[in-house]
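Take a look at the letters that make up each chain.
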Amino acid sequence: MSDLFQEQLQALRAQSLHRKLREIGSAQGSEIEVVGRHLVNFSSNDYLGLANDPLLKKAAIAAIENFGVGAGASRLVSGTQSPHVALEVAIAKWKRAPAALAFSSGYAAAVGTLPALASKRDVIFLDKLSHASLVDGARLSGATVRVFPHNHLGKLESHLEWAQREMPDARRIVVTEAVFSMDGDQAPLGELVELKKRFDAILLLDEAHAVGVLGPHGRGLAAELGLERQVDVQMGTLSKALGVSGGYICGSRSLIDWLTNRARSFIFTTAPPPALAAAATAAIEFLGTAEGEERRLTLWKRIVRLLEKLPAAPTTSSRTKSAIIPWIVGDEQRALDLARSLQQEGLLVPAIRYPTVARGAARLRITVSAAHTEAQIVQLGDTLRRLAVSDYGPVAAERRSSGVGT
Ligand SMILES: *Cc1c(COP(=O)(O)O)cnc(C)c1O
């Protein structure tokens with residue numbers, strides 16, 4: 001047995017695809033301790049610096065005092081404590097939706113919701129760069145899955161036409177992300193809404209990297225574009241900009257009632273600890289304040305500053321408009337080497353490889369936070385430019401132009 005794994009692990013190493021865990025000896029923040037060294041952290045999704053915020057910690061501690069640590073049962077049995085209810089009320093109010101349902105994670109929200117919405121008689125249309133949780137949810141549903149090239153409206157339209165013609169009774173569900181997790185670009189939401197209306201489809205939008213970052217009070221991309229009511233199923237996570245843990249779905253009351261009855265990842269698991277629900281509620285309330293909005297605007301100042309420092313960043317798309325800035329390298333080993341060089345300079349920027357991104361599309365994934373100082377942003381910009389240009393730039397550029405890199 002163990003020899004079999006050794007062989008497989010060796011194969012991963014040979015392709016520069018082996019991964020291992022890194023122990024972080026501190027709370028999340030703009031600086032973290034990695035095996036005894038302090039590094040400036042450009043690797044987390046804690047976009048607003050809320051993961052270690054006193055306001056959230058206070059809310060969590062108070063909930064532990066009043067409600068204990070464990071929820072003790074699943075939500076439908078006796079695990080729905082007052083903090084869970086308060087969280088769902090807060091999400092619905094913040095997102096201006098009729099109702100909301102909280103899950104243990106964004107992953108659980110996706111793998112529970114898609115099989116509740118679609119069965120093997122139905123069709124799910126999935127953007128090629130959709131997060132693994134959406135891919136897994138689509139597969140688990142047993143529905144016919146049609147993948148369209150990233151943000152390709154023409155291909156999506158022809159898939160929809162095909163489904164309307166060949167499977168006229170099937171439910172049609174379009175699934176995409178507001179901000180793509182490894183590319184940082186946005187979905188063309190206005191056009192997607194037009195298509196979904198024309199073909200009488202349901203639209204599920206995963207706002208994991210958009211909430212807290214885009215839209216008034218961080219309500220996301222749909223809110224920024226005034227399209228909240230056109231998105232049938234709004235999905236998001238409480239674990240990124242909101243700094244806590246958990247996922248949510250919001251939409252109509254009947255949708256939420258249906259998921260409460262049918263989403264297996266909601267039903268067959270213990271309710272999340274009440275302290276996490278209380279902390280997430282505190283995060284949502286903070287986003288609604290003037291101070292919260294100011295924090296979000298600070299994030300945008302930092303993003304704009306970094307983009308100024310990296311005018312020629314080899315990103316994947318001109319639609320990059322988020323706190324995620326990919327620096328496409330192409331070759332897996334080269335991406336690891338560049339990440340290692342940055343780490344030697346005190347900067348933690350992760351190299352992202354297959355299977356998180358396509359083979360040969362390895363990259364540095366830079367994430368900006370409101371917690372970064374301007375000096376930290378400048379340091380990253382200067383260092384990355386120096387390292388990439390001197391050691392990696394020409395080769396990376398050559399690979400990209402030959403179509404290998406992206
Ligand atoms: C992170 C992520 C998820 C999963 O959310 P978790 O709360 O971390 O489980 C889902 N969708 C997208 C696009 C993500 O980036």
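In what follows, the structure referred to is the one given above.
This write-up is about the structure you can find in this document.

Rules used throughout
- Residues numbered from 1 in each chain as written.
- Predicted model: local features only at pLDDT ≥ 70, side-chain atom pairs only at ≥ 80, totals over all residues.
- Heavy atoms only, no water.
- Buried < 20%, exposed > 50% of the residue type's maximum accessible area, 1.4 Å probe, protein only.
- Helix = DSSP H or I, 4+ residues; strand = E, 2+ residues; numbered from the N terminus.
- Pairing = 2+ DSSP bridges.
- Contact = heavy atoms within 4.5 Å.
- Expected span 1.5 Å × (residues − 1).
- Polar contact = N/O pair within 3.5 Å; in protein donor to acceptor, adjacent residues only side chain to side chain.
- Axes fitted to C-alpha atoms, helices over the stretch in contact; angles between N-to-C directions.
- Parallel < 35°, antiparallel > 145°, perpendicular 65-115°, else oblique.
- Nonpolar A, V, L, I, M, F, W, Y, C, P; charged D, E, K, R; others polar.
- Near = heavy atom within 4 Å.
- Areas by Shrake-Rupley, 256 points an atom, 1.4 Å probe, with all protein chains shown as cover.
- Salt bridge = Lys/Arg side-chain N within 4 Å of Asp/Glu carboxyl O.

**Quick look at the pairing of strand E3 (residues 99–103)**
- Buried residues dominate E3, accounting for 5 of its 5 residues.
- Of the two faces of E3, the one holding Ala-99, Leu-101 and Phe-103 and the one holding Ala-100 and Ala-102 are both buried throughout.
- Where E3 meets strand E9 (residues 247–251), 5 bridges bridge the pair, whose relative direction is antiparallel. Within E9, the residue paired with Leu-101 across the bridge is Ile-249.

**Some points on the environment of Val-213**
- Structurally, Val-213 can be placed in the loop between strand E7 (202–206) and helix H9 (221–224).
- Placed 28 residues apart in sequence, Val-213 and Ala-241 show a C-alpha to C-alpha distance of 7.1 Å.
- Each residue touching Val-213, except ones within four places of it in the same chain, is listed here: Tyr-47, Gly-218, Ala-241, Arg-296, Leu-299, Trp-300 and Ala-323.

**Observations concerning helix H2 (residues 54–67)**
- Under the 1.5 Å per step criterion, the end-to-end length of H2 is 19 Å for 14 residues, consistent within 8% with the ideal 20 Å.
- The opening residue of H2 is Asp-53, an N-cap whose side-chain oxygen sits 2.8 Å from the backbone nitrogen of Leu-55.
- At the exit of H2 stands Gly-68, carrying a positive phi of roughly 80°.

**Focus on the packing of helix H7 (residues 153–166) against helix H8 (residues 189–198)**
- Remark: H7 packs on H8, axes separated minimally by 11 Å, with the N-to-C direction vectors making an angle of 10°. For the element pair H7 / H8, the angle class is roughly parallel. From H7, Leu-153, Leu-156, Glu-157, Leu-160 and Glu-161 reach across to H8, where they touch Glu-191, Leu-192, Leu-195 and Arg-198.
- Along the lines of polarity and charge, the residues of the contact of H7 with H8 split into 5 nonpolar, no polar and 4 charged.

**Structural notes on unusual backbone geometry**
- Cis geometry is adopted by the peptide bond preceding Pro-355, which originates at Tyr-354 and carries an omega value of 5°.
- Looking at the secondary structure, you find Pro-355 in the loop between strand E12 (351–352) and strand E13 (362–367).
- For Val-35, which is not glycine, the phi dihedral falls at a positive 35°.
- Following the sequence through the fold, Val-35 ends up in the loop between strand E1 (31–34) and strand E2 (37–41).
- For Val-35, a relative accessible area of 69% translates into the label exposed.
- The residue Asp-200 is not glycine, and still its phi comes out positive at about 50°.
- Examined against the element boundaries, Asp-200 turns out to sit in the loop between H8 and E7.

**Thoughts on the site of the ligand**
- Around the ligand sit 15 residues in total, of which Asp-206, His-209, Thr-237, Ser-239 and Lys-240 are the nearest.
- A distance of 2.8 Å separates an oxygen atom of the ligand from a polar backbone atom of Gly-106.
- Tyr-107 places a main-chain nitrogen or oxygen 2.9 Å from an oxygen atom of the ligand.
- Its free accessible area being 380 Å², the ligand has 86% of it covered by the protein chains.
- Elements with a contribution of two residues or more to the shell around the ligand: helix H5 (106–117) and strand E8 (233–237).
- Residue composition of the shell around the ligand, by class: 3 nonpolar, 9 polar and 3 charged.

**As for the pattern of salt bridges**
- For the coordinates displayed, the defined rule picks out 15 salt bridges.
- A salt bridge links Arg-363 to Asp-183; the shortest N-O distance between them is 3.1 Å. One end of the pair, Arg-363, is in strand E13; the other, Asp-183, is in the loop between strand E6 (172–177) and H8, and 180 residues separate them in sequence. For the pair shown, Arg-363 and Asp-183 are each scored as buried.
- Lys-309 is paired through a salt bridge with Asp-382; the nearest N and O atoms lie 2.9 Å apart. Here Lys-309 is found in helix H13 (residues 290–309), whereas its partner Asp-382 is found in helix H15 (residues 374–401), with 73 residues between them in sequence.
- What makes Asp-382 partly exposed here is its relative accessible area of 34%.
- Where salt bridges share partners, they join Arg-305, Glu-308 and Glu-374 into one cluster.

**As for the pairing of E13**
- When you tally the buried positions in E13, you get 6 out of 6 residues, the bulk of the element.
- Side-chain alternation along E13 places Ala-362, Leu-364 and Ile-366 on one buried face and Arg-363, Arg-365 and Thr-367 on a second face that is also buried.
- Pairing of strand E10 (residues 324–330) with E13, which is carried by 6 bridges, proceeds in the antiparallel orientation. Note on E13: the bridge partner recorded for Ile-325 is Ile-366.

Keep in mind these values describe shape, not function.
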